[in-house]
Amino acid sequence: MVGVLNLRIREEAKDLRYEPATDLGDVVKGRAPSFMQDPAAFFERTYLTEKMKSLVIKVLMNLLGLKEVVVGGRTYTVSSNVILLPSEIGGGKTHTMILIYHILQLINSSASAEDVVSKVKILDEDLANFIRENWEKMKTLSPKVVVIDCKYSDLAPSPVNPIEIAGRKISTLWGYLGYELGRYELVKSADERHVAPYADALSKLLDECRAVIMIDEIGRYYDQSGLEPSKISSFLMNLAEMASKYTVKEVSVLISLPYEIKGGGLIDKSSMKYVHSPELVDAINTVLKRPNVEIEPPVNEETDLAEILRRRIFMHSREEFEELANDFVAGELGKEYPDQVKAALDREGFWEKIKKSYPFHPEFLEMLRRLAYKSYLQKTRDAIRITVQSILAIREGLFSWLDDETDLVMPYHFPVFIDEILSDGILRNAPAEYLEFKQILRSNIATPRNLEDVRRMKKDEFYDKIVARPLRNLDEEDRLLGIKLAVIIWLRSLIGLGLPMNLGEFPTTSELVYSVSPTEFDVKGVLGILRSVLPQLVVHGDPESDTARWFFTRIPSVEELVETLKKNVTDDMAKRRLSEVLEEGLKSRLGKKKKGRHPKGYRTESIFDKNCCVAEDPGKVPSDILNSENPALVLFADEVDQEDLLNMLRGRNNLVALAPRVKGIGGTPTLLLPEDVRGLKELSRFEGKTVWEGLLEILRYYTAACSIGEEKLKSLVAVGAGERKEVLASEDLLNLLSEKVESLKEYYYNSLLTLLGRCYRSVYYCRLGKVQVLEGLVLEKDLPIPPIVEDFLRIKGLIPDKFGKDDLLTVMRDQIGLDPDKDHVKVGNIWNFIRTTDKAEVPLITRRMFELAVDELLKTMDYAVRVGDHLLWKPVLRKKGENEPIAFLNELKNKLYAFKADLDEIELIPWREIFDEWQENVLSNVPRGKVLKVLTREGEVLNFEDVLKGFDPQTRIKAGKLFLEDEKYPIEFEVKLPAKLKERKEGVVEFYINVKGLKGEIKVKLSSDRELHIEPKEVKGALPLSGKIKVLPNSAGNYKLKFDIFFENKPLEKREKHIFVEGEWRKELIPAVDAEQAKLSEETRVLSIRADHITGIPDIVSIAKVHGGTAEIHAKVYLPKGDSVELKAKTSDPQVLQIISSVINSLSRVSNEGTLRIEKAKLSLEKELPLQDITKILKNPDVLKLEVKERV
Amino acid sequence: MGSKYVFTFEPRRRKRPSSEYRGFLKRYRLYIKYYSFVDKDPISAASGERQPKVALPIRFAEVVLNFSKEVGGRVIKMSREELRPGLSYDKPFVVLPNEISFQRHLLFSLISSTYRKPYRLNTIKSLVLTLNPFFLNVMTNVALQRYSLRKSGDPSWYQHMSRVGRAVKVLYSVE
């Protein structure tokens, strides 16, 4: 097979002299290169497009005066002698003019028709035939060719540069035209006076002049001639008008225009604005307004490119190429290709197309066409230039590192890595926005080097010095194909400027496959790799599909970067990021912190205080949290196993946990809602997956976005390379991208929060040995997480609003099962119970709440405490007005401090249990010179000992306050009460008072709280004073006898004694039957119940059950055969009594013929009871007797 | 070959029981002790007879221990030490393979010990793991230098040393 290397290439192309833009003037003057100067050589290199053919024929028709001809089966008509050649620079118009010049010169110089025809045949058969047919007439006409090339002063004279020919000084275009046509006289005066000739003069000048007039580069004449533009314009107008008149014959005027014509108007391309003056635009516009002007663009852009290139560059004929193409196809068809490649080749009709385009891959031409016709490049000229450069690069072996042999010129053979070619070819005249593509090239594909360097490079050096860093690290095969694809994508992106609005310019996946085919590599696979390594490569649409479009963006896509980085984010990294987000939420509210105030109700403190942490699994929770005294909150940043969670929570009633999910609890996990999947494009493939999986995915994105630092962005936009202008532009870009990254981060963070709220909806804690779940938590954005959880738990009742002494007593009584009146308990045990029990639904409380409840309980003085050996109960106050509970707590605190103990170590004891021990302690600790006083609830201040000896001292002391007073005058006070005092009976009280340190008379006033007749009520006398008083109580009860002692009419001391007055009672035994009838007073009390017969025993049992008491039973049973049973019992337990009663009943039944005698059946009641309470219970009063007592 | 490091925990009795904790932490505070060694057996290197390179009281011991694995540390021994019946703690011996991992670990211990709340431990973890080694070197050298104040009898050495941890907190606003 013949590869590109073996094709014969034209010499001028080899030397880079292929430049087809040689001027018409050069050819006229014989100064052009030989391949242009020689008509045959020129024809060989010219592919006669249909348009060019039509143009040549029309020029000849005008000359011959024909209006309609048929050439090669096609009809040509011409309507005007003036033909305009509009085309942009490099569009082929000069080439066309040279062609016409050569044909006419051939006709003029050749003797026979065949000479001309044989040469023109190289160009085109039909054209040759046309010339043969009209040979005679043409020869007769012997047409002149007038070339006005405004680049040259000798071909376009002007007042600035006049020419002198045959003694005439010609200084205008019209003068030159008149001279060339041999009719100078007609325009002589206009030429000499430098004014435009009249139209009729021109008409005469042109009519039957038998000439082809070609005017090239008229624009320059405006700028350089020194004539007023209006004169040139009026000349052009007159010329066009006159030449196009049907009366004018045998002349053809050809004017090239450096503008493209579309829809009859001029396209004012910005790139052309500065090349030609606006007057020219006006003038040409006016010329174009003439209805009968022919407009013929010379090249049909779409189809002729392959043929033009072949002709210009290669020395092979069409037939040879066809043969080579067939060989190529035959060779390739025998090879095996991947399905995707085969499909692409077949779909595009490659095998047919290649026959026409060989040795160019059809996509190469397509690319060239797009480059040349859709960008700023010159059409034909630059297309040829770029192609020649590509082919030369291939032939020089500059692509040998990419392919071993080159069969076709592929789209990736544009030598973008050679600096000169890049800036001289593809990026020549590129506007500023294209400069960024250099940066893209540098950071994504290759760093361009100058040609000499590249020539010297070895294969490996190519990879190290030219190939861009992202591609360098790929596998050999992937790298080669990757570079090819990247070059193609880059070129196509260049055409579309990398803007999404030009999406149609960018290649689809299938186009890319086709562009590098035939190839045995997996193109789609490599595209996938490219996408992950090239920072500025963007894919629009599903990357897996054939229709996705690939392009490089001028602004690197941060999203793509995130997408790329995301691939390296592991689950662990995502979970770690979650930990950090949750930690943020522990400290301050989730969501972006806005400037200004926090929302209403914002707070950071919570019941969990400092005991919050985020952990990945229960094994990683620090012991500081697990062993904290106070409630603690653990947030898990991962799914947790039920068993692990239970192990952690068990025995820690103060611990609550939040987890996205606990395996084994809560049934099926929550799935993502359709809104999530639709709303977050990152989750579009997560339909049917769990919220947790969705959260992890978003976390991956967030982690990737957070990992984009300044350095990464710099490498993305390749800051620091290139020219200063480029650096400045890239710095702007850097700022733009940083902002974009920030906004992207915010977007991911907000999405993250949404899903976070949906994941963390349950609070887990342990009670009754099981993990309990509270559902419905909502993590709002206006509070940190701990207060939110606290509020939630309060609503759910796990945290009580208040934990006071009653709650503490409930725990002690109902949950621990203590008897509050008897049992001693250590505070530490209660706390331990609350904190660790799995037997009860204890609340979640802080240590402080518990301590306050204990304080509250202690303040009631219902409990005494023992710290070590010390017993503390009612404190002895320093002052009467001091707050007793606070003094008590302070005393306790001091004791604890002194013992280095804490509240846990104190023992709570019901106060009655320690009263005796306590009062002994108190009394023994009264300092000398002090007296212990009691401020009673009634407000009286009494001597402690007096209270102690009085009635109900325990209650009175508990209700009162103890305090010490200085003992100024120690008083000896003794009172002797009568042994027994009965109501309405007089008694004598003796007393003795002595005050140490005082001498003189004292006065004692006596009084009582109840009706007690005292005689005398006042006693006076010298110290020591002793006396007797008579008291007569009115009724039974407790009496206080008060002694107010005065010295010199000033109160000295108040003392009191308690007197108990007995009532007079009579006891009697009455039958229960009579009790109701007997007129007994209301005060009658029952003391005991007796029964004489077995039938009375059930009554005794039922009274014992209701009121309690001690029963004594003595029964004897005599059985028939002389057996006997004797039963004697004393019990206070009603159940035992019940059993005994049934035993007696049973015995009575078996002693059928024997006898049963109740010797004693007595119930002594615990308390004396009113008679009615007993009689209403009795069922068998006949056999019962009641022992009652009654007031006398 | 550069020196390696080994660290272990040692409890010291608190002057007063802490009202914040129960169990072991109520009466004891854990200290971390770093020892350097070259060829010796790391466990004997970390024996009580040698002076540690640096020692400081720490909080959140489990997290500190876990972090050692993230900087490349290896737990070579874990023993359960009983202080009195019913009160025991886990005493680890962890080898840190190089200077950098030692520095990272020391800085993490320092920062975490200045926290009363374990709110930011994970954030601190990733911060210390990615900290620039030059900066890390500066910070730990300052800490070690301040530790040496201890020998001169200055009682405020700990405040001075822990200020390094506080400084990092302030610097990266992870207070």
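Residues numbered from 1 in each chain as written. Chains lettered and ligands numbered in written order. Predicted model: local features only at pLDDT ≥ 70, side-chain atom pairs only at ≥ 80, totals over all residues. Heavy atoms only, no water.

Colleague: A description of the confidence of the model for chain A should follow, citing residues and the corresponding values.
Modeller: Looking at chain A as a whole, the pLDDT averages 82, with 91% of positions reaching at least 70. Segment residues 260-274 of chain A: pLDDT under 50, and 24 contacts once partners within four positions in sequence are set aside and those in other chains are kept. (pLDDT = per-residue confidence, 0-100. Contact = heavy atoms within 4.5 Å.)

Colleague: Account for the interface of chain B and chain A, with residues named and values stated.
Modeller: Counting residues at the interface gives 27 residues for chain B, matched by 29 residues for chain A. Across the chain B to chain A interface the summed buried area is about 2600 Å²; carbon plus sulfur atoms make up 45%. In this assembly, chain B and chain A are joined by 15 residue pairs in polar contact (both at pLDDT 80 or more). Mapped by element, the contributors of at least two residues to the side of chain B that touches chain A are α1 (24-27), α3 (61-70) and α5 (121-129) of chain B. Residue composition of the side of chain B that touches chain A, grouped by class: 10 nonpolar, 5 polar and 12 charged. (Buried area = accessible area lost by both parts, 1.4 Å probe. Polar contact = N/O pair within 3.5 Å; in protein donor to acceptor, adjacent residues only side chain to side chain. Helix = DSSP H or I, 4+ residues; strand = E, 2+ residues; numbered from the N terminus. Nonpolar A, V, L, I, M, F, W, Y, C, P; charged D, E, K, R; others polar.)

Colleague: So what's going on with the pairing of strand β35 (residues 1025-1033) of chain A? Which residues, and what values?
Modeller: Walk down a regular strand and you will see the side chains alternate between the two sheet faces. Residue and element names in this part refer to chain A. Only one face of β35 is buried, namely the one carrying L1025, G1027, I1029, V1031 and P1033, since none of S1026, K1028, K1030 and L1032 on the opposite face is buried. Bridge count between strand β31 (residues 987-995) and β35: 7 bridges; the pairing is antiparallel. Bridge pairing links V988 to K1030 in β35. (Buried < 20%, exposed > 50% of the residue type's maximum accessible area, 1.4 Å probe, protein only. Pairing = 2+ DSSP bridges.)

Colleague: Which residues make up the state of the cysteines, and what values go with them?
Modeller: Residue and element names in this part refer to chain A. Enumeration according to the criterion identifies 0 disulfides over all chains in this entry. Its sulfur unpaired, C612 is 8.0 Å from the next cysteine sulfur, which belongs to C613. Taking the relative accessible area as the measure of exposure, C612 reaches 0% and is therefore buried. (Disulfide = S-S within 2.5 Å.)

Colleague: Which residues make up the environment of G1037 of chain A, and what values do they have?
Modeller: On the secondary structure map, G1037 of chain A appears in strand β36 (residues 1037-1047). Here the alpha-carbon distance between G1037 of chain A and V1061 of chain A, two residues 24 residues apart in the chain, equals 5.1 Å.

Colleague: Please provide a residue-by-residue account of unusual backbone geometry, values included.
Modeller: In the segment running from Y358 of chain A into P359 of chain A, the intervening peptide bond is cis, with an omega of 5 degrees. Along the chain, P359 of chain A turns up in the loop between α20 (350-357) and α21 (362-374). Of note, the bond from S517 of chain A into P518 of chain A is cis; its omega dihedral lies within 30 degrees of zero at 0 degrees. Along the polypeptide, P518 of chain A turns up in the loop between α29 (509-515) and α30 (523-533). Its identity as a non-glycine residue notwithstanding, E1048 of chain A has a phi of 50 degrees, on the positive side. Of note, F60 of chain B is a non-glycine position whose phi angle comes to about 55 degrees, a positive value. Structurally, F60 of chain B can be placed in the loop between β3 (54-57) and α3.

Colleague: Account for a negative patch on the surface, naming residues and giving values.
Modeller: On the surface, D819, D821, D823 and E913 of chain A cluster together to form a negatively charged patch. Looking at the element boundaries, E913 of chain A is found in helix α44 (residues 911-924). (Patch = residues over 30% accessible without salt bridge, like charges linked within 9 Å, V, L, I, M, F, W, Y side chains within 5 Å. Areas by Shrake-Rupley, 256 points an atom, 1.4 Å probe, with all protein chains shown as cover. Salt bridge = Lys/Arg side-chain N within 4 Å of Asp/Glu carboxyl O. Lys, Arg positive; Asp, Glu negative; His and termini not counted. Charge placed at Lys NZ, Arg CZ, Asp CG, Glu CD.)

Colleague: Describe the sheet that holds strand β17 (residues 655-658) of chain A, listing the residues and the values that go with them.
Modeller: Residues and elements named next belong to chain A. As summarised here, the arrangement of the 5 strands in space is β14-β15-β17-β19-β20, forming an open sheet in which the pairing is mixed. At either end of the open sheet lies a strand with only one pairing partner, and these are β14 (612-615) and β20 (770-775). Adjacent strand axes in the sheet meet at a mean angle of 25 degrees when their direction is disregarded. The sheet contact formed by β17 and strand β19 (residues 762-767) spans 2 bridges and is antiparallel. Bridge pairing in β19 links L658 to V763. Across the face of the sheet, helix α32 (residues 571-587) comes into contact with β14 and β15 (632-636) while running at roughly 170 degrees to β14. (Axes fitted to C-alpha atoms, helices over the stretch in contact; angles between N-to-C directions.)

Colleague: So what about the environment of I665 of chain A? Which residues, and what values?
Modeller: Looking at where I665 of chain A falls in the secondary structure, it is placed in the loop between β18 (662-663) and α35 (674-679). Put simply, I665 of chain A and V771 of chain A are 106 residues apart on the chain and 8.8 Å apart in space, counted from C-alpha to C-alpha.

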